[in-house]
Amino acid sequence: MRIILYKGQSQYGSLRLHADQLRQAFLELGHDAEIVDLTLPDANARLQAAIGVRPDAVFAFGGVGCDIKVNGASLYDLLNCAYVTLHVDNPVHHIARLSAPMARHVAFFLDRSHLEFVRAWPGGKALAATGFLPPGANELAEPADLSDAAFAARDIDFLFTGTYRGAPASPWLAQPDGAVKTILEEIAQRMRADCSLPVLHALRDALQDVIKAPLTDDLLSKFAPVLSQPQLHAEAWHRNALLEALGAAGTPITVYGNGWAPLVERFPSLSWGGEGSFEETLSLLRRTRLVLNVNNGFVDGGHERVFTAMCGGAAVLTDANPYYAQVFSPAEIATYDMNRKDQAPALVERLLADPQALGAMARAGALRALSEHTWRQRAQTIVEAVTAVA
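Residues numbered from 1 in each chain as written. Predicted model: local features only at pLDDT ≥ 70, side-chain atom pairs only at ≥ 80, totals over all residues. Heavy atoms only, no water.

Draft legend 1. Layout of the overall build of the protein. Of regular secondary structure, the protein possesses 17 helices and 14 strands. Compactness check: the protein gives a C-alpha radius of gyration of 21 Å against a globular reference of 21 Å for 390 residues, within 12% of the reference. Structurally, the protein occupies a C-alpha span of about 60 × 55 × 40 Å along its principal axes. For the protein, the proportion of its 390 residues judged to be buried stands at 53%. For the protein, the exposed surface amounts to about 16,100 Å²; the carbon and sulfur share of it is 52%. In the protein, 33 side chains carry a positive charge and 42 a negative one; their mean positions are 3 Å apart. (Helix = DSSP H or I, 4+ residues; strand = E, 2+ residues; numbered from the N terminus. Rg over C-alpha atoms; globule rule 2.2 N^0.38 Å. Buried < 20%, exposed > 50% of the residue type's maximum accessible area, 1.4 Å probe, protein only. Areas by Shrake-Rupley, 256 points an atom, 1.4 Å probe, with all protein chains shown as cover. Lys, Arg positive; Asp, Glu negative; His and termini not counted. Charge placed at Lys NZ, Arg CZ, Asp CG, Glu CD.)

Take a look at the structure:
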């Protein structure tokens, strides 16, 4: 099978590294895989050269390149190939890309609640296939040393990499008073109160409470373009509240990423290492004992950070959800309740206080992730999906 993979813009270079490692996985499975970087000045010429040999599929993260057309027709229909994408964020943020018309549009989602939304949304019926596919672990070429001695030598106790978003915005409050404004506020309040509540369920409940109406196809189509507002609000609210709880408790944590200055000024226990790149993070994970993950709205799915940290030999602490409970045992991963953020600091302290047990957890998690959660396993799922829509 011949597969072209797109590279696009990506904060910290994460999705670009995903593409490189997924391409390598395709090659290891015996397929022909080629990268086309759409950010380069000569991207069009590179794409034309790549499609000179017709691909069976074009793959991209986040729907990048889905709207490329030739004389008004989808490039992928003209090539008679599948366009396959893995959305690494909530689909309410990508309604336009999910609506791109083509015959063999295959969309994967890293959370089962995201898949539920797309299958309920009338626009999703135009997709040729949809599926659940968490991202794979990104790895360095040299396997991590999983020995007790190597774990004991790690010099970063507790690490979080990502952007600090600050307090959440509420853009719907600027709208004129009315049912839509009230419903969006109700959705946001429900999602703040329960971090495990998917936006689709929050919309259904809010419609019933505010206008005494069931969730119909028509109402879902009308609300879909604005659901990103309460979704982003809830994501930022929970992340900010957790970090505030850790900071207020004086939990020492090393952070990398953008936007951390305000929080570092308030909480001396936070140590900012710089913006960092995704490739630099792979090396940091090899120095870390415990990695913090915040699912950021993934209420029933997997974040790449979890699998990558495990393959790097670090133990992982993440907010609990049904997917992690299904694929990992308590001996392989530590979880906290996002609805009880005040308990997180004590849990971190307990985990770090027993380096031997933490090292055993890290080793068990690594063995599980390496056997079941690499890009090689994800690549096989993509190949099967392309075959199914051929």
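Past the structure itself, the notes keep going.
Draft legend 2. Looking closely at the pairing of strand S13 (residues 315-319). Burial of S13 is extensive: 5 of the 5 residues sit out of reach of the surface. Of the two faces of S13, the one carrying Ala315, Leu317 and Asp319 and the one carrying Val316 and Thr318 are both buried. Taken together, the 4 bridges between strand S12 (residues 288-293) and S13 define a ladder with parallel strand orientation. Bridging across to S13, valine 291 finds its partner in valine 316. A crossover connection joins S12 to the parallel S13 through helix H13 (residues 304-311); in handedness this β-α-β unit is right-handed. Of the pairings in the sheet, the one linking S13 to strand S14 (residues 334-336) comprises 3 bridges and is parallel in character. Bridge pairing in S14 places threonine 318 opposite threonine 335. (Pairing = 2+ DSSP bridges. Right-handed = clockwise from strand over helix to strand, strands pointing away.)

Draft legend 3. Seen up close, the packing of helix H1 (residues 14-28) against helix H17 (residues 375-389). Two elements in contact, H1 and H17, have axes whose closest approach is 8 Å; the angle formed by their N-to-C orientations is 70°. Here H1 is positioned roughly perpendicular relative to H17, judged by the angle of their axes. On H17, the residues touching His18, Gln21, Leu22, Ala25, Phe26 and Glu28 of H1 are Trp375, Arg376, Ala379, Ile382 and Val383. (Axes fitted to C-alpha atoms, helices over the stretch in contact; angles between N-to-C directions. Parallel < 35°, antiparallel > 145°, perpendicular 65-115°, else oblique. Contact = heavy atoms within 4.5 Å.)

Draft legend 4. Here's a closer look at the sheet that holds strand S8 (residues 129-132). Reading across the sheet, the 6 strands line up as S2-S1-S3-S6-S7-S8 and stay open at both edges, with parallel pairing between neighbours. The open sheet has two free edges, formed respectively by strand S2 (32-37) and S8, since each of these has just one partner strand. Going across the sheet, the axis of each strand differs from the next one's by a mean of 20°, ignoring polarity. Looking at chain direction, strand S7 (residues 105-109) and S8 are connected through 4 bridges and run parallel.

Draft legend 5. A look at the pattern of salt bridges. Taken as a whole and assessed by the stated rule, the structure comprises 20 salt bridges. With a closest N to O distance of 3.9 Å, aspartate 157 and arginine 289 form a salt bridge. Taken together, the residues aspartate 157 in strand S9 (residues 156-161) and arginine 289 in strand S12 connect sequence positions 132 residues apart. Taking relative accessible area as the criterion, aspartate 157 reaches 41% and is therefore assigned partly exposed. By sharing partners, the salt bridges in this structure join Arg2, Asp32 and Glu34 into a single network. (Salt bridge = Lys/Arg side-chain N within 4 Å of Asp/Glu carboxyl O.)

Draft legend 6. Summary view of helix H12 (residues 278-285). For H12, the complete set of buried residues consists of Phe278, Thr281, Leu282, Leu284 and Leu285. Seen end-on, H12 carries its buried residues on one side only, within an arc spanning 165°. On the buried face of H12, the contacting elements are H1, S9, strand S10 (253-256), S12 and H13. (Arc of directions from axis to C-beta.)

Draft legend 7. Spatial organisation of the sheet that holds S12. Taken together, 6 strands build an open sheet; the order of strands is S11-S10-S9-S12-S13-S14 and the sheet is parallel. In the strand order of this sheet, the two ends are held by strand S11 (270-272) and S14, each with one partner. Across the sheet, the mean angle from the axis of one strand to that of its neighbour is 30°, orientation sign disregarded. Looking at chain direction, S9 and S10 are connected through 3 bridges and run parallel. The partner of threonine 161 across the bridge, within S10, is tyrosine 256. Sitting on the sheet, H12 touches S9, S10 and S12, and the angle it makes with S9 is about 155°.

Draft legend 8. Broad picture of the nonpolar core. One finds Phe117, Ile187, Leu203, Phe223 and Leu227 to be the most contacted residues of the largest nonpolar core, which totals 30 residues. At the level of secondary structure, the elements contributing two or more residues to this core comprise helix H4 (95-98), S7, helix H5 (112-120), helix H7 (179-193), helix H8 (199-211) and helix H9 (217-223). Here the element with the most residues in this core is H8; it accounts for 6 residues. The residues touching phenylalanine 223, leaving out its near neighbours within four places in the chain, are Val180, Ile183, Leu184, Leu203 and Leu207. (Core = buried A, V, L, I, M, F, W, Y, C linked by side-chain atoms within 4.5 Å.)

Draft legend 9. Spatial organisation of unusual backbone geometry. Of note in this structure, asparagine 71 is not a glycine but carries a positive phi near 55°. Along the chain, the position of asparagine 71 falls in the loop between strand S4 (69-70) and strand S5 (73-74). Classification of asparagine 71 as exposed rests on a relative accessible area of 83%.

Draft legend 10. Region of the structure containing the side chain of serine 228. Along the chain, the position of serine 228 falls in helix H10 (residues 228-248). Using a relative accessible area of 17% as the deciding quantity, one classes serine 228 as buried. The residues contacting serine 228, other than those within four sequence positions of it, are Val92 and His93.

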